[in-house]
Amino acid sequence: MLQYFPTPYPDELWYSVMCRYYIRSGCETLLTVKSRNHFPIRLFFPDSSIMEIVNQLPEGLFSVRDIAINHTLFPYFSRMYPQERKQELINGFSSSAMQTDNPEWRVIARSMPKLKYCPDCIKADQKRYGESYWHREHQIPYMSICRKHGCRLKEHSCKLRQEFTEGPILPEFIQDGTGTEYFTQPYEKTLADVLYSYLTLPIDAGPTQGYSNLFYGLEQEYQHIRNSRVITLDTHRLYADLKSFYGEKITRGFFGKSMPQYVPMKLRNWEFTTPERYALLAAMIGQAPEITFGENQRISHEAESIRVREIRFPTMRQKADLMKAVNI
Ligand SMILES: [Zn+2]
């Protein structure tokens with residue numbers, strides 16, 4: 001039984017709570033891991049360590065499910081999973097056979113053994129709580145700014161991964177003292193808001209059955225008439241817009257050198273299981289997550305604007321005009 005355990009601060013990463021426990025109690029056992037390779041997973045994802053701790057505390061104080069949902073990146077990384085898979089993982093949180101060896105998480109975790117912090121949050125937290133802590137929303141990949149203070153997040157990468165397990169690290173221990181940067185690219189705030197919603201929306205918000213409002217949103221902006229009957233997405237224009245909005249590096253990283261037609265189709269069928277592509281596209285076309293995951297199909301035939309409807313079901317005359325326009 002643990003005699004003492006810190007109460008997590010709002011949006012505090014579970015790893016951060018363990019660090020604070022270590023500092024207060026001098027007891028290092030919670031930070032030790034059997035395999036160092038496992039540690040990147042423990043930094044951001046729920047694993048069996050949560051249950052081990054909860055079991056050593058008075059009953060009812062914490063629930064594994066609440067910790068996983070409010071203090072790890074689980075809601076973000078499982079956002080695009082089908083409901084059944086998500087539910088299966090959540091049910092597993094409270095069993096001793098908790099799935100800690102999710103191969104997808106292992107790959108993701110390997111790419112992110114670094115922690116991000118906001119210098120202004122350190123000051124604010126120290127003033128309010130007397131200490132700083134790792135904020136969960138800052139750890140989302142591609143979250144590059146602090147939404148609260150509008151400044152660029154700084155990164156702490158450990159040269160050796162075991163550094164994270166050798167002793168507690170809090171933002172105030174490692175802040176580098178260099179100036180805080182308030183200049184950000186125009187897309188960063190929009191993207192940050194979408195990413196934050198993907199983390200914090202109710203856990204069952206996710207892929208919708210049989211339709212995708214994001215795809216309809218893209219269709220509205222990028223429909224491309226191949227001939228009088230077939231409407232596809234103008235992926236060239238979409239790709240060019242992504243590049244000018246996010247720059248070459250991010251666009252290439254997620255969509256390749258050019259965007260094949262199957263990408264929008266995969267998006268429409270919710271086949272990508274990681275959230276970034278959805279977030280990048282939604283932020284660019286200004287679609288709120290509440291619409292992307294909305295229960296109502298956004299564009300039914302009746303709700304379409306006249307212009308769209310006319311193009312989709314053109315008269316013979318319109319068809320002729322469209323053909324001319326496309327051939328120009
Ligand atoms: Zn901040």
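The coordinates are above.
In this text the structure is predicted, and so the values were computed from the model without any measurement. (Residues numbered from 1 in each chain as written. Predicted model: local features only at pLDDT ≥ 70, side-chain atom pairs only at ≥ 80, totals over all residues. Heavy atoms only, no water.)

(A) The arrangement of the overall build of the protein chain in detail. Of regular secondary structure, the protein chain possesses 19 helices and four strands. For the protein chain, the share of sequence-separated contacts (at least 6 apart) that also reach a separation of at least 24 residues comes to 72%. In the structure as shown, the protein chain presents an accessible area of about 16,700 Å², 50% of it carried by carbon and sulfur atoms. (Helix = DSSP H or I, 4+ residues; strand = E, 2+ residues; numbered from the N terminus. Contact = heavy atoms within 4.5 Å. Areas by Shrake-Rupley, 256 points an atom, 1.4 Å probe, with all protein chains shown as cover.)

(B) Expanded view of the pattern of salt bridges. What the rule picks out here adds up to 14 salt bridges. The residue aspartate 234 makes a salt bridge to arginine 237 at a minimum N-O spacing of 3.5 Å. Through salt bridges with shared partners, a single network forms among Glu12, Arg20, Arg24 and Glu131. (Salt bridge = Lys/Arg side-chain N within 4 Å of Asp/Glu carboxyl O.)

(C) Representation of the coordination of the zinc ion. Distances from the zinc ion to its protein donors, Cys118 (SG), Cys121 (SG), Cys146 (SG) and His149 (ND1), fall at 2.1 to 2.3 Å. For the zinc ion, the four donor atoms are set out with angles of 106 to 113 degrees between them, so the coordination reads as tetrahedral. (Donors = N, O, S within 2.8 Å, 3.2 Å for Na, K, Ca; no water. Tetrahedral: all angles 85-135°; square planar, octahedral: opposite > 155°, others 65-115°.)

(D) Representation of unusual backbone geometry. Positive phi outside glycine occurs at aspartate 11, with the angle close to 60 degrees. Within the secondary structure, aspartate 11 is located in the segment before α1 (14–25). Even without being glycine, tryptophan 270 reaches a positive phi, approximately 55 degrees. Following the sequence through the fold, tryptophan 270 ends up in the loop between α15 (262–268) and α16 (276–285). Looking at tryptophan 270, the relative accessible area reads 10%, which means it is buried. (Buried < 20%, exposed > 50% of the residue type's maximum accessible area, 1.4 Å probe, protein only.)

(E) Looking closely at α1. In a regular helix each residue adds 1.5 Å, so twelve residues correspond to 16 Å; α1 covers 16 Å between its end C-alpha atoms and thus fits that length. Along α1, nine of the twelve residues are buried, which leaves the element largely enclosed by surrounding structure. Taken together, the buried positions of α1 are occupied by Trp14, Tyr15, Ser16, Val17, Met18, Cys19, Arg20, Tyr21 and Tyr22. Trailing α1 by a residue or two, glycine 26 shows a phi angle of about 75 degrees, which is positive. (Expected span 1.5 Å × (residues − 1).)

(F) Representation of the packing of aromatic side chains. Overall, the coordinates contain 19 aromatic pairs when judged by the stated rule. Residues tyrosine 76 and phenylalanine 77 carry aromatic rings whose centres are separated by 5.0 Å and whose planes lie at 80 degrees to one another, so their mutual orientation is edge-to-face. Exposure remark for tyrosine 76: the relative accessible area of 0% places this residue in the buried category. Among the aromatic residues, ring-to-ring pairing joins Tyr4, Phe5, Trp14, Tyr21 and Phe62 into one connected group. Across the ring face of tyrosine 196, the terminal group of arginine 147 is positioned such that the distance to the ring centre comes to 3.7 Å. Over the aromatic face of phenylalanine 215 sits the side chain of arginine 268, whose NZ or CZ is 4.9 Å from the ring centroid. (Phe/Tyr/Trp six-rings, centres within 6.5 Å; stacked < 30°, edge-to-face > 60°. Lys NZ or Arg CZ within 6 Å of the ring centre and 35° of its normal.)

(G) Structural view of helix α12 (residues 213–222). When you tally the buried positions in α12, you get eight out of ten residues, the bulk of the element. Residues Asn213, Leu214, Phe215, Tyr216, Gly217, Leu218, Glu219 and Tyr222 constitute the buried set of α12.

(H) Expanded view of the nonpolar core. Formed by 87 residues in total, the largest nonpolar core has its most connected members in Phe5, Tyr15, Tyr198, Tyr246 and Phe255. Of the residues forming this core, the biggest block, eight residues, is contributed by α16. Each of two domains, domain 1 (14–174) and domain 2 (207–292), supplies a minimum of three residues to this core. Once you skip the residues sitting within four places of it in the chain, phenylalanine 255 turns out to touch Tyr239, Leu242, Pro260, Val263, Arg277, Leu280 and Leu281. (Core = buried A, V, L, I, M, F, W, Y, C linked by side-chain atoms within 4.5 Å. Domains from an automatic or database assignment.)

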